[in-house]
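Spelled out, the chains give:
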Amino acid sequence: MLLLRISQSLLGNSLTEVFHERADRDTQSHILDSGCIMMNDTLTSDVIGRRVAVNGEHATVRFSGIVPPVAGLWLGVEWDNPERGKHDGSHEGTVYFKCRHPTGGSFIRPNKVNFGVDFLTAVKNRYVLEDEPEEDVKEQTVIIGNKPVETIGFDSIIKQQSQLSKLQEISLRNCAVNCAGDRGTIAKACPNIRKADLSRNLLSSWDEVLDIADQLKHLEVLNLSENKLRFPSGSPSRTGTFPALKVLVLNRTGITWAEVLRCASGWPVLTELYLKSNDLFISERPADVLQTVKLLDLSSNQLIDENQLLLIAYLPRLEQLILSDIGISSIHFPDAGTGHKTSMFPSLQYLVVNDNQISQWPFINELDKLQSLHALSCIRNPLTEGSKEAKTTRQLIIAKIGQLKTLNKCEILPEERRGAELDYRKAFGNEWKKAGGHQDPDKNRPHEEFLEAHPRYQLLCLKYGAPEDGELQTQQPFLLKNRLLSKNPTLKDSLFVFASLGAKIGARRDCWFLLTLKIKYPNQVDRKVLEKQLPDSMTIQKVKGLLARLLKVPVSELLLSYESPKVSCPAEHRVGLCPPSVIRVASKWETHTSVWEGAHVLRRICLYHPNPLFYL
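Keep in mind that what you see is a predicted model, and the values were worked out from it rather than measured.

Just to check I follow, could you spell out the overall build of the protein for this structure?
Looking only at helices and strands, the protein has 16 helices and 29 strands in total. Sequence separation of at least 24 residues holds for 67% of the intrachain contacts in the protein that already meet a minimum separation of 6. As presented, the protein carries roughly 32000 Å² of accessible surface, and 51% of it is formed by carbon and sulfur atoms.

Take a look at the structure:
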């Protein structure tokens, strides 16, 4: 009986393959474990265009041959990082190859270059079990044909194969993958892969990607970023290669928009497409492709302008559009006039325009025309820069885009929207009146220029009422003389404090005013009304301290409130009212806003609220 001892290191995916390997295997080109290909005298012609790595830097082979007067074979490479090179592909007046950058080229000896490894080799290098120690390796006899064969380490190989077949997510970033390898080996070893990161490898063409994808029928997510790929110039010869692919990342691959559209027919269920930093120019409208895409990232493509964006405006399912760092400063939807919605981007819910050149409010006005827009991110633009105006800018954006629910990843609460819209309505009230605005609806006809600058202003007047003359006056904050009326309810008694302007005393430069405070208990009619005269320069904070001493009520329980004299307040609404949400607003108003202003805001709210009593 013939016994063959076959070591584990010689076993491939199956024992049968061992007997079919060629005997002259060691005489082929030397392929080192590091993936380096070394040849003594010649390189095959297909080396041109191959992607290579040299000491961690990636490049593309542009030339192979002799460079006199130095003997021997040289490779001319164009570096991805042009600072790594020394010339433009010429030497002593002779042009051997061309580079896009004057210092993007170098000549390198072949034995210094890493041409990479196939997909399955990279997977095994990263994911298979380590070989067992020699003393633990078990011997086993198997029958191949009619011959018994004694194997060493067969159990370990079975474990490795089992391990690979269970892989569903792999990351081979920067693993020097250059091709699929032998046909069918990927499908046999790891058929269940669903997510694959092949970014920053040595893949040089889209065909090599197709060779890999053909064997991964369950693939849903594929990242090919930072692979300088050659894409087909015509229609792809193979279709149906990505039947399950939902997410495709092609950042920094050098793909053009025309190539995207040509290849997109092979992505029938794609939902997310990332095309960052490819110098894209959108040259044509997608026709029968990309119709399932929900997220499109076009960031850092500086050639894109607002007219090109209109070519992708009718993608029916596009919900998220990322346009960061494309240099855009304006946008216009020509199919929609002032106050109307556009038919473009019908499903767009989330728009990102960070790091652009947006400096004018008409850009924000146009976004209100998007019928489905709910979230916006627009940080690091000239319009939004500057910490002093950040809060005001946020309020203006909220007021200008009516359906917005999230701004710069921060939720817009109903009370924030209400405050922003009321402030906006007041801030531009005088301008509205000068433009022809009027409290009487029959006379309210602001001119077109105002409506273009403030498309939602008329709507806000319908929502909250037209601004009144009193609330449009500029007042000095914090001083007691600027308050119309104030009421001071406790948590139990709904105590009211009425303030009226006193008589002027003296005529000199240092003259001053007195304010008379009348304090009464509306639900205790037999209790005597108290009166106090205070200087008009007294702050609200000091008034609250005085009232706390007079009424023997803690300052924390004192709230100043206002009731419009134009609105009657039923008695049942004046007892025990202290909404927690309004109390939170109170501290803000005490600190930052005069009661004169706060009173007018509350008076407007009273007109549209079933309970006309509010607290400051």
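Explain unusual backbone geometry here, please?
Keep in mind that most residues, glycine aside, have a negative phi and that most peptide bonds are trans. With omega at 5°, the peptide bond leading from proline 68 into proline 69 counts as cis. Residue aspartate 288 is not a glycine yet carries a positive backbone phi of 65°. Relative to the assigned elements, aspartate 288 resides in the loop between β18 (272–274) and β19 (295–297). In this structure, asparagine 408 takes a positive phi of about 55° despite not being glycine. Looking at the element boundaries, asparagine 408 is found in the loop between β23 (406–407) and β24 (410–411). According to the relative accessible area criterion, asparagine 408 is partly exposed, its value standing at 30%.

What is the right way to look at the nonpolar core in this model?
What tends to happen in soluble globular proteins is that the nonpolar side chains get buried as a cluster. Judged by nonpolar contacts, the single largest core of 85 residues is most densely connected at Phe119, Trp206, Trp267 and Leu290. Not counting residues up to four positions away in its chain, the partners in contact with phenylalanine 119 are Ile170, Leu172, Val177, Cys179, Ala180, Ile186, Cys190, Ile193, Leu198, Ile212 and Leu216. Of all hydrophobic cores here, the second largest spans 13 residues; its members include Ala399, Ala435, Leu460 and Tyr464.

Please clarify how the sheet that holds strand β16 (residues 221–223) should be interpreted in this entry.
What holds strands together in a sheet is hydrogen bonding between their backbones, with the strands either parallel or antiparallel. Spatial strand order, β13-β15-β16-β17-β18-β19-β20-β21-β22-β23-β24: 11 strands in an open sheet with mixed pairing. At either margin of the open sheet sits one strand with a lone partner, and together these are β13 (169–171) and β24. In the sheet, β16 pairs with strand β17 (residues 247–249) via three bridges, with the strands oriented parallel. Bridging from a neighbouring strand, asparagine 223 pairs with valine 249 of β17.

Whenever I open this one, the environment of arginine 50 confuses me. Can you help?
With respect to the helices, strands and loops of the structure, arginine 50 is situated in the loop between β3 (37–38) and β4 (51–54). Once the C-alpha coordinates of arginine 50 and asparagine 178 are considered, the two residues, 128 residues apart in sequence, prove to be 8.6 Å apart.

What is the right way to look at the environment of glycine 104 in this model?
Within the secondary structure layout, glycine 104 lies in the loop between β8 (94–95) and β9 (105–108). Accessibility expressed as a relative area gives 2% for glycine 104, which makes it buried. The spatial distance from the C-alpha of glycine 104 to the C-alpha of histidine 87 is 6.2 Å, given a sequence separation of 17 residues. Once you skip the residues sitting within four places of it in the chain, glycine 104 turns out to touch Val77, Glu78, Trp79, Pro82, Gly85, His87 and Cys99.

Just to check I follow, could you spell out helix α2 (residues 119–127) for this structure?
Because each turn of an α-helix spans 3.6 residues, side chains separated by three or four positions in sequence point in the same direction. Turning to α2, its buried residues are Phe119, Leu120, Ala122 and Val123. For α2, the buried positions fall inside an angular range of 160° around the axis, keeping them on one side.

Could you clarify how one ought to interpret helix α9 (residues 390–400) in this entry?
For α9, the set of buried residues is Thr393, Arg394, Leu396, Ile397, Ile398, Ala399 and Lys400. Tucked inside the fold, the buried residues of α9 contact α8 (361–367), β22 (375–377), β23, β24, α10 (414–427) and α12 (448–453).

What am I meant to see in the sheet that holds β4 here?
Here four strands make up an open sheet; going across it, the order is β4-β5-β6-β9 and the pairing antiparallel. With one partner strand each, in any of the chains shown, β4 and β9 form the two edges of the open sheet. Geometrically, the sheet is characterised by an average inter-axis angle of 50° between neighbouring strands, direction not taken into account. Pairing of β4 with strand β5 (residues 57–67) involves four bridges; the strand directions are antiparallel. Each residue of the ladder has a partner; that of arginine 51, found in β5, is threonine 60.

Even after reading the chapter, I still don't get the confidence of the model for the protein, so can you show me in this structure?
Confidence in the prediction for the protein averages 77 pLDDT; 68% of positions are at 70 or higher. Segment residues 476–512: pLDDT under 50, and 124 contacts once partners within four positions in sequence are set aside and those in other chains are kept.

Explain the pattern of salt bridges to me, please; I cannot follow it from the model alone.
A side chain with one charge can pair with a side chain of the opposite charge if their charged atoms come near. One pass over the full model with this rule turns up 14 salt bridges. Of the charged contacts in the structure, one is a salt bridge between aspartate 368 and lysine 341, with a shortest N-O distance of 3.8 Å. Placement of the pair is aspartate 368 in the loop between α8 and β22 and lysine 341 in the loop between β20 (320–322) and β21 (350–352), with a sequence separation of 27 residues. Judged by relative accessible area, aspartate 368 falls into the buried class, the value being 14%. Lysine 341 sits in the partly exposed class, given a relative accessible area of 43%. The shortest N-O distance in the salt bridge between arginine 380 and aspartate 355 comes to 2.5 Å. Pair noted here: arginine 380 is in the loop between β22 and α9 and aspartate 355 is in the loop between β21 and α8, with a separation of 25 residues, a long-range link. For arginine 380, a relative accessible area of 47% corresponds to the partly exposed category. Its relative accessible area of 29% is what places aspartate 355 among the partly exposed residues.

Is there a simple way to think about the packing of aromatic side chains in this case?
One pair of aromatic rings is described through two measures. These are the centre distance and the angle between the planes. Following the criterion strictly, the structure yields 12 aromatic pairs and no others. Ring centres of phenylalanine 63 and phenylalanine 107 lie 6.2 Å apart, and the angle between their planes is 85°; on these two criteria the pair is classed as edge-to-face. Of the two residues, phenylalanine 63 sits in strand β5 while phenylalanine 107 sits in strand β9, which places them 44 residues apart along the sequence. When sorted by exposure, phenylalanine 63 lands in the same class as phenylalanine 107, which is buried. Ring centres of phenylalanine 97 and phenylalanine 107 lie 5.7 Å apart, and the angle between their planes is 85°; this geometry places the pair in the edge-to-face category. Linking phenylalanine 97 in the loop between β8 and β9 with phenylalanine 107 in strand β9, this pair joins segments that are 10 residues apart in sequence. Neither residue differs from the other here; phenylalanine 97 and phenylalanine 107 are each classed as buried. Directly above the aromatic system of tryptophan 79 lies the positively charged group of arginine 84, at a separation of 4.2 Å from the ring centroid. Over the aromatic face of tryptophan 74 sits the side chain of arginine 109, whose NZ or CZ is 3.8 Å from the ring centroid.

Please clarify how the packing of α9 against α10 should be interpreted in this entry.
Two quantities define a packed helix pair, namely the angle between the axes and the distance from one axis to the other. At a closest axis distance of 8 Å, the pairing of α9 and α10 adopts a crossing angle of 95°. Regarding the angle of α9 to α10, the classification is roughly perpendicular. Counted together, Arg394, Gln395, Leu396, Ile398, Ala399 and Lys400 of α9 and Glu416, Arg417, Ala420, Glu421, Asp423 and Tyr424 of α10 form the full contact between these two elements.

It is not clear to me how the side chain of threonine 342 should be interpreted in this structure. Could you clarify?
With respect to the secondary-structure elements, threonine 342 resides in the loop between β20 and β21. A distance of 3.0 Å separates the side chain of threonine 342 from the backbone nitrogen of methionine 344, its partner in a polar contact. If we ignore the near neighbours within four places in the chain, the residues touching threonine 342 are Phe333, Asp335, Ala336, Lys369, Leu370 and Gln371.

Conventions we followed
- Residues numbered from 1 in each chain as written.
- Predicted model: local features only at pLDDT ≥ 70, side-chain atom pairs only at ≥ 80, totals over all residues.
- Heavy atoms only, no water.
- Helix = DSSP H or I, 4+ residues; strand = E, 2+ residues; numbered from the N terminus.
- Contact = heavy atoms within 4.5 Å.
- Areas by Shrake-Rupley, 256 points an atom, 1.4 Å probe, with all protein chains shown as cover.
- Buried < 20%, exposed > 50% of the residue type's maximum accessible area, 1.4 Å probe, protein only.
- Core = buried A, V, L, I, M, F, W, Y, C linked by side-chain atoms within 4.5 Å.
- Pairing = 2+ DSSP bridges.
- Arc of directions from axis to C-beta.
- Axes fitted to C-alpha atoms, helices over the stretch in contact; angles between N-to-C directions.
- pLDDT = per-residue confidence, 0-100.
- Salt bridge = Lys/Arg side-chain N within 4 Å of Asp/Glu carboxyl O.
- Phe/Tyr/Trp six-rings, centres within 6.5 Å; stacked < 30°, edge-to-face > 60°.
- Lys NZ or Arg CZ within 6 Å of the ring centre and 35° of its normal.
- Parallel < 35°, antiparallel > 145°, perpendicular 65-115°, else oblique.
- Polar contact = N/O pair within 3.5 Å; in protein donor to acceptor, adjacent residues only side chain to side chain.

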